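Listed here are the chains, written in short residue letters.
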Amino acid sequence: MIPTGFDYEVAESTDHALELLRTKEDAKLIAGGHSLLPLMKLRLAQPGTLVDIGRVSELRGVRDGGDHLAIGAVTRHHELNHDPVAREHCPLIAYTAGLVGDPQVRHRGTIGGSLAHSDPASDLSTICLTLDADIVARGPNGERTIDAKDFFKSFLENDLGEDEMITEVRVPKVGAAGWSYLKFRQRSLDWATVGVAALVGVQNGSIEGARVGLTNMGHTPLRASGVESALAGAPRDSVGAAAEKADEGTDPPSDTWASADFRRHLAQVLTGRAVEEALSR
Amino acid sequence: MRRISVTVNGVPREADVEERDLLVYFLREGLGLTGTNVGCDTTVCGACTVHVDGESVKSCNLLAVQVDGAEVTTIEGLATNGEMHPMQAAFQEHHGLQCGFCTPGMIMAAVGVLNENPSPSEDEIRHGLEGNLCRCTGYHNIVKAVAAVASA
Amino acid sequence: MATTEQPAPNIGARKLRKEDPKLITGAARYTDNITVPGMLWLGFVRSPFAHARYTKADVSKALAMDGVVAAYTAADLEFAAPLFMAFPLRDLKQPPHWPLAKDKARYVGDPVAVVVAESRALAKDAVEAVSVDWEPLPAVTDVREALADGAPIVHDDLGTNHAGTWDFELDSPAPRRGDPGPYFEDPDLVKVTGEYFLARLIPNAMEPRSVLAEPNLAQGEFTLWTASQIPHFIRTFLTIELGIPEAKMRVIAPDVGGAFGSKLEHYGEEAVSVAVARELGRPVKWTEERSENYVASIHGRDMYQRIELAATRDGVLKAVRVKLEASMGAYLRVVSPAIPMLGAWLYAGVYDPEAYDFAYDMVFTNTTPTDAYRGAGRPEATYAIERTMDQLAHELGMDPVELRRKNMITTDKFPNYTIVSGLTVDSGDYTGTLDKLLERLDYEGFRREQAERRQRGDRKALGVGFSTWLEMCGLAPSRVLAALRYAGGGWEASTIEMMPTGTVRVAIGTAAHGQGHATTFSQTVADQLGVEYEDVEVIYGDTQLVPLGLDTYGSRSMAVGGIAIHHAGEKIIAKARTLAAHQLECSEDDLEWTPGTFTVRGTDRSADIKTLAFAAWSGHDLPDGFEPGLTATHIYDPPNFSWPHGAHACVVEVDTETGLVDIMRYVAVDDCGVQINPMLVAGQVHGGVAQGIAEALYEEARYDEEGNLLHGTMTTYMIPAAPELPSFELDHTVTPSPTNPLGVKGIGEAGTIAAPPAVIGAVVDALSHLGVTDIERPATPERVWKAIQEARS
């Protein structure tokens, strides 16, 4: 559990971090360290330099951006979980931040770190995808905004360039929409075997629109588009039938926690339950 | 090597550490504070839990250089003026430990739980301790100890 | 006239633990906390393959690194004998197990070389710099596949993976009541067969293994600190392997962070560390990482079971017949081949059939060696009989509780009843624990709620499972162990010394690692000698301070060690009596002993034990021939095992759509005889039940086709945390053991023995209306879901 040797630099600002990232040999960013350090301790990652952005205060905290929330990249899960603005305007993300890992992990782990790691088992990645979040990245050529749906590329791969970093995540305020995130795992401390996020709007007794996101059902977080189309404009009692489409287009892993088949089944069951829970909120 | 300044259990310390030194090894081998134990290598078991700036963290998953300028509290720093912290006393009173190896981390985590939620339900206590594994007690008496401190 | 107030007895009191202050303040001395000047660090080079030949481990790159002091391959370190194995069973194939594997590695994690460096980190770096010319071979990890024709052979010279067979007729020193053969031919009897696979488990003591070896070459003396349950055995083993006389080989088990059988072991790393310390003349430390622990510390279970019952149609159990196939892993460790045997006499549980048979095969596979894990053999037995009793109840259309009650050995048979397998049980009240359990459970109320849920088609199904258990513990009478072909004895030794100021030093040969011996032994000694609980100091775990002892395992510490202390205490009292008679100028027969004081009968003249202790120490005025000092040693060999028992029930809620099992209630009524400290007894049950629940629902260690451990870290190996477990409801009965003067039996393994069948039984019961009759353990959500699917189709 001892990493190989590396150099360590403390970034004073976002610009400084970008400069270090560009100029230092084989540099990686570290904030909370709860995605990268575990790999380094098992020597599965051996970066040449760590650039610590954990102290860059401009990257930390939740800001009310009018129609959206702007969440700084090094905002910790615990902070997001307890942030009053997030709880009021986007309870789905605040709630889910409280399900990541365990309390100690939530005290250090950051949303930017979770997204940059791009593990399809990450709860917050699924939430960002479900919310159609904008991921703000900066690099040597300035700032760009990446749609969450374009951000996740494959298992542990994303759209960020080697010299880019996430600075902020923008999620829309969800207004009156009902929400749910169901994280299925046998132990509370585990990663999601399967997770399902749902955001459902209701008008005149029918479902106006639903967004459904899936955790750990493929190489990236996924949207259950079959479910979403089946629910658009549908009556409330159509949830069961729609949920059966939850695993369409997914490619879930088989591992020690579950086979792909069981994950497909769980996705259906949890989707039905998540949508029902969202409708009840 | 890198020089860090860190306040450990109220005592300001300066030390040269290797960049790759984990906080837990800095505490154990650099400062001789062996109360904090190492039970796993994947940030699961929580035996190494300490407080950094008042919050519970797993010191096996933090570099010593990351706590430069921070305040760290370990199990050795929990008692004040020779008086055990109420959580320590409660663990003994309710037999919340057997082999004692998970205990320092468990106590630090439990103190953290009550710092954030002074009157938790049994379920909240259990979830508050989800990052700490114990192989001896089945958690029964640990939960009782934490509940007793909360209601005291 | 002064009245003397009788002090409250310590036995039976909820005394707070003497061990706790250091453990809750961070002042414990676990092996890895100990540092000595000039200490170097070891790192072990391990096989990444389950089965691979090699010709050379090249350490040159490692040796060239800054801070690397030495490196040794298997060829570089000489051992006088291979690692000691203590159970040479009849016709057992016993390939030598060298601390560093020569020529061939037989499991992932098999060590082949060791590096020595100036820091923990450098040792790790140096391990990675060693290159080995591995030539991977096909591997076999499953017991049945290992026995099949054409299977890869783990030990080439043997030509087979079959290590041996233990057969009741040939190997049990006690004759069974009857041969079950005819019963299974009888057409009037109902037969059921249970077939179970008990997954491989990883003990997971929270403290990983750690050793620190310190040499004194000038004197030829060595000290080894090791995180172990068995310092005395290790001392002797090291003498055999390294030629260091016992008196020069000091082994210390300081504070030990849990063990559960995984430290009832002697590991190659211990022998290597002492050997390296001898080579270099410098102290060396090694502490394993958890992932290393997972491949290189012993595992438990990994066994196929087949159990057959024959019973009358009205539910009288007539015969039990059992055959097991048990994985040894790649090598035989200290007691590996005997683990299934520790259950050999218990597959009829608390029941009273007429005939019995039992046998097992021992099988080598390319896996981490298996050995004792909490309960060792007895959880296996209890699982088989209890699950199959459920099956029999189902077959007969009987209530599982009634079937159990009908077949229990009745209380009037005791004391000293010889059960079907031929061993004699000291005492018990099996229906008593069952009755108390049902009272607490509200069984009828539960069945009503279960029926209601089923009627309304609730997706969450309720189930209850039962388990009754009987354990033979207090290991063990030495003569019996000899008949079982064990290399050592089963006695225990204690020396009590009354110090000049009247405090009491109790040296005991057991070696605690969380049980609270300092507390419970203080309680018994305080009551016996009439001294303050605080005045008793219990010393253990150091072969120099406590030279005589056979260590801690098999719930033996109170039932054997506690009795050794008791008899030493009797000797102290007897010696003090002689001195008191001398001082009080009376005959010994005129003295009345109330703990702490001798009084001359019918007078107010008395002598207290503290004063006598000082007088004995000063030696100023002693009777002729009286040895100075008030000290006594007793070595106690128990005449029988001790036989605790109990009845457990588990209530679960099963989500029939996701397969997730939630434990709603867990009720346990146990009888361990007299309880010295009820709080500690309860603690043992809590922890044991938690491990049993884990075994039933969460934990398994599986290998892939190549022999890589799939559950190789604490992330994937599923130890339950606090949210997964309920608060436990405990009760007890007290049926003292007639075999020993304290009436104690043992409680360390009870929960682990009892819980798995109760939990699995509950899950099966919850799903019985869907047609589910069994679920392989651990009953993970997926297995539960699949069982429902299979039952439906």
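Residues numbered from 1 in each chain as written. Chains lettered and ligands numbered in written order. Predicted model: local features only at pLDDT ≥ 70, side-chain atom pairs only at ≥ 80, totals over all residues.

### Observations regarding the overall build of chain A
Here comes step 1: Regarding its fold elements, chain A presents 12 helices and 14 strands.
Here comes step 2: Taking 2.2 N^0.38 as the reference for a compact globule, 281 residues should give roughly 19 Å; the C-alpha atoms of chain A span a radius of gyration of 19 Å, in line with that estimate.
Here comes step 3: If you line up chain A on its principal axes, its C-alpha atoms span 60 × 45 × 30 Å.
Here comes step 4: Residue burial in chain A is summarised as follows: out of 281 residues, 57% are buried. (Helix = DSSP H or I, 4+ residues; strand = E, 2+ residues; numbered from the N terminus. Rg over C-alpha atoms; globule rule 2.2 N^0.38 Å. Buried ≥ 20, exposed ≤ 12 C-beta atoms within 10 Å, placed from the backbone.)

### Details of the overall build of chain C
Here comes step 1: Along chain C, the regular secondary structure elements total 20 helices and 30 strands.
Here comes step 2: Its C-alpha atoms give chain C a radius of gyration of 28 Å, within 12% of the compact-globule value 28 Å for 793 residues.
Here comes step 3: Principal-axis analysis of the C-alpha atoms gives chain C an extent of 90 × 75 × 50 Å.
Here comes step 4: Within chain C, the fraction of its 793 residues that count as buried is 59%.

### Structural notes on the pairing of strand S20 (residues 460-470) of chain C
Moving residue by residue along a regular strand, the side chains alternate between the two faces of the sheet.
All names here are of chain C.
Here comes step 1: Burial analysis of S20 places 10 of its 11 residues in the buried class, the great majority of the element.
Here comes step 2: In this structure, S20 lies alongside strand S28 (residues 645-655), joined through 11 bridges in antiparallel fashion. Note that in S28 the partner of Phe 466 across the bridge is Ala 649. (Pairing = 2+ DSSP bridges.)

### Concerning the interface of chain A and chain B
Here comes step 1: Across the contact, 22 residues belong to chain A and 25 residues belong to chain B.
Here comes step 2: Elements with a minimum of two residues in the side of chain A that touches chain B: strand S1 (7-10), helix H2 (36-41) and helix H6 (103-108) of chain A.
Here comes step 3: In terms of residue count, the dominant contributor to the side of chain A that touches chain B is H6 of chain A (5 residues). (Contact = placed C-beta atoms within 7 Å.)

### Here's the deal with the sheet that holds strand S5 (residues 104-105) of chain C
Residues and elements named next belong to chain C.
Here comes step 1: Strand order across the open sheet formed by 3 strands is S5-S2-S8, with antiparallel pairing between neighbours. A strand with exactly one partner marks an edge of an open sheet, and here the two such strands are S5 and strand S8 (135-136).
Here comes step 2: With 2 bridges connecting them, strand S2 (residues 52-53) and S8 associate as antiparallel partners. Within the sheet, the bridge partner assigned to Arg 53 lies in S8 and is Glu 135.

### Things to note about helix H1 (residues 23-30) of chain B
An α-helix turns once every 3.6 residues. As a result, residues three or four positions apart point the same way.
Residue and element names in this part refer to chain B.
Here comes step 1: Of all the 8 residues making up H1, 6 are buried; the element is thus mostly covered by neighbouring parts of the structure.
Here comes step 2: Among the residues of H1, Leu 23, Val 24, Tyr 25, Phe 26, Leu 27 and Arg 28 are the ones counted as buried.
Here comes step 3: Buried residues along H1 sit against strand S2 (11-17).
Here comes step 4: Looking one or two residues beyond H1, the residue adopting positive phi is Gly 32, at roughly 70 degrees.

### Describing the nonpolar core
Here comes step 1: Formed by 408 residues in total, the largest nonpolar core has its most connected members in Ala 198 of chain A together with Ala 71, Val 114, Val 115 and Val 763 of chain C.
Here comes step 2: For Ala 198 of chain A, the contacting residues outside a window of four places in its chain are Trp 179, Ser 180, Ala 210, Val 212, Ala 274, Val 275 and Ala 278 of chain A. (Core = buried A, V, L, I, M, F, W, Y, C linked by C-beta atoms within 7 Å.)

### Some words on the interface of chain C and chain B
Here comes step 1: In this assembly, 43 residues from chain C lie in contact with 41 residues from chain B.
Here comes step 2: For the side of chain C that touches chain B, the secondary structure elements donating two or more residues are helix H1 (20-25), helix H9 (290-296) and helix H18 (678-697) of chain C.
Here comes step 3: A per-element tally of the side of chain C that touches chain B places H18 of chain C first, with 7 residues.
Here comes step 4: Among the residues forming the side of chain C that touches chain B, the class breakdown is 22 nonpolar, 15 polar and 6 charged. (Nonpolar A, V, L, I, M, F, W, Y, C, P; charged D, E, K, R; others polar.)

### A few points about the sheet that holds strand S6 (residues 134-139) of chain A
All names here are of chain A.
Here comes step 1: Taken together, the 5 strands give an open sheet; going across it, the order is S4-S5-S10-S6-S7, and neighbouring strands pair in antiparallel fashion. Across the chains shown, the open sheet's two edge strands, defined by having one partner strand only, are strand S4 (62-64) and strand S7 (142-147). Within this sheet the neighbouring strands show an average axis-to-axis angle of 25 degrees, counted without direction.
Here comes step 2: Of the strand pairs in this sheet, S4 and strand S5 (residues 68-72) are connected by 3 bridges, and their pairing is antiparallel. (Axes fitted to C-alpha atoms, helices over the stretch in contact; angles between N-to-C directions.)

### Description of unusual backbone geometry
Here comes step 1: A cis geometry characterises the amide bond from Leu 475 of chain C onward to Ala 476 of chain C, with omega recorded as -10 degrees.
Here comes step 2: Take Ala 476 of chain C: it is sitting in the loop between S20 and helix H14 (478-483).
Here comes step 3: The backbone of Asp 53 of chain B shows a phi angle near 50 degrees, a positive value even though the residue is not glycine.
Here comes step 4: Within the fold, Asp 53 of chain B resides in the loop between strand S3 (49-52) and strand S4 (55-58).
Here comes step 5: A residue is classified by how many C-beta atoms lie within 10 Å of it, and Asp 53 of chain B, with 13 of them, is partly exposed.
Here comes step 6: For Ser 555 of chain C, which is not a glycine, the phi torsion comes out positive at approximately 45 degrees.

### What about the packing of helix H10 (residues 378-396) of chain C against helix H11 (residues 400-407) of chain C?
Residues and elements named next belong to chain C.
Here comes step 1: Packing of H10 against H11 brings their axes to within 9 Å, and their N-to-C directions diverge by 110 degrees. With respect to H11, the element H10 is oriented roughly perpendicular. As for the relative orientation of H10 and H11, their crossing is right-handed in sense. In this structure, H10 contributes Met 389, Asp 390, Leu 392, Ala 393 and Leu 396 to the contact, and H11 contributes Pro 400, Leu 403 and Arg 404.
Here comes step 2: Classifying every residue of the contact of H10 with H11 gives 6 nonpolar, no polar and 2 charged. (Parallel < 35°, antiparallel > 145°, perpendicular 65-115°, else oblique. Left-handed = near helix turned anticlockwise from the far one by under 90°.)

### Observations regarding the environment of Leu 182 of chain A
Residues and elements named next belong to chain A.
Here comes step 1: In this fold, Leu 182 is placed in strand S11 (residues 178-184).
Here comes step 2: On the basis of neighbour count, Leu 182 is assigned to the buried category, with 22 C-beta atoms found within 10 Å.
Here comes step 3: Sequence separation between Leu 182 and Val 196 is 14 residues, and the spatial gap between their C-alpha atoms is 5.3 Å.
Here comes step 4: Ignoring any residue separated from it by four or fewer positions in sequence, one finds Leu 182 in contact with Gly 195, Val 196, Leu 270, Arg 273 and Ala 274.

### Examining the confidence of the model for chain C
Here comes step 1: Put simply, chain C has an average pLDDT of 97, and 99% of its residues get 70 or more.
Here comes step 2: Listed scores for the predicted complex are pTM 0.98 and ipTM 0.98. (pLDDT = per-residue confidence, 0-100.)

### Quick notes on the packing of helix H2 (residues 86-93) of chain B against helix H3 (residues 103-116) of chain B
Residues and elements named next belong to chain B.
Here comes step 1: Close contact between H2 and H3 brings their axes to 10 Å; oriented N to C, the two are set at 125 degrees. Judged on the interaxial angle alone, H3 and H2 are oblique. Pair H2 / H3 crosses with right-handed handedness. Where H2 abuts H3, its residues Met 87, Gln 88 and Phe 91 lie against Thr 103, Ile 107, Ala 110 and Val 111.
Here comes step 2: Counted by class, the contact of H2 with H3 contains 5 nonpolar, 2 polar and no charged residues.

### Some points on the environment of Glu 653 of chain C
Residue and element names in this part refer to chain C.
Here comes step 1: As for its placement among the helices and strands, Glu 653 is situated in strand S28.
Here comes step 2: Of the residues examined, Glu 653 has 18 C-beta atoms within 10 Å and is grouped as partly exposed.
Here comes step 3: Along the primary structure Glu 653 and Asn 204 are separated by 449 residues, whereas in three dimensions their C-alpha atoms are 28 Å apart.
Here comes step 4: Glu 653 has contacts with Lys 460, Leu 462, Asp 662 and Met 664, leaving out every residue within four places of it along the chain.

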